[in-house]
Amino acid sequence: IAHENCHMEQIASGRAAYGDGWVMWEGDIYLRKEDNGVNVIDGPNGRWPEGHPNHPWEAEAIQAEKLINK
């Protein structure tokens, strides 16, 4: 729940937005695509699968999970 709440806060603050073929993070658009059957995003840290902690929006959400579980 903490993970998804973090994403909701990212969206509400305008830091993130999502569509079927894209992700917006802090004003920049990153494209979603399929690479060898894996859904990936060409994000600010390179091409990674959706949900990967190398995406900054996911890193924040994963950190929120850890804080709530302490």
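Up top is the structure.
What counts as what
- Residues numbered from 1 in each chain as written.
- Predicted model: local features only at pLDDT ≥ 70, side-chain atom pairs only at ≥ 80, totals over all residues.
- Heavy atoms only, no water.
- Helix = DSSP H or I, 4+ residues; strand = E, 2+ residues; numbered from the N terminus.
- Contact = heavy atoms within 4.5 Å.
- Core = buried A, V, L, I, M, F, W, Y, C linked by side-chain atoms within 4.5 Å.
- Buried < 20%, exposed > 50% of the residue type's maximum accessible area, 1.4 Å probe, protein only.
- Salt bridge = Lys/Arg side-chain N within 4 Å of Asp/Glu carboxyl O.

**Looking at the side chain of histidine 7**
By the element assignment, histidine 7 lies in helix H1 (residues 2–12). In contact with histidine 7, other than residues within four places in its own chain, are Tyr18, Trp57, Glu58 and Ala61.

**Quick notes on the nonpolar core**
Within the largest apolar cluster, six residues are counted, these being Ala16, Val23, Trp25, Tyr30, Ile41 and Trp57. If near-sequence neighbours (up to four positions away) are discounted, valine 23 is found in contact with Ala17, Tyr18, Asp28, Ile29, Tyr30, Arg32, Ile41 and Trp57.

**Some points on the pattern of salt bridges**
One pass over the full model with this rule turns up six salt bridges. Close ionic contact of arginine 15 with glutamate 60 constitutes a salt bridge, the shortest N to O distance being 2.6 Å. With arginine 15 in the loop between H1 and strand E1 (16–19) and glutamate 60 in helix H2 (residues 56–68), this residue pair connects regions lying 45 residues apart in the sequence. Residue classification places arginine 15 among the partly exposed residues on the basis of a relative accessible area of 26%. Among the residues examined, glutamate 60 registers a relative accessible area of 29% and is labelled partly exposed. In the salt-bridge network here, residues are joined through shared partners; they are Lys33, Asp35, Asp42 and Arg47.

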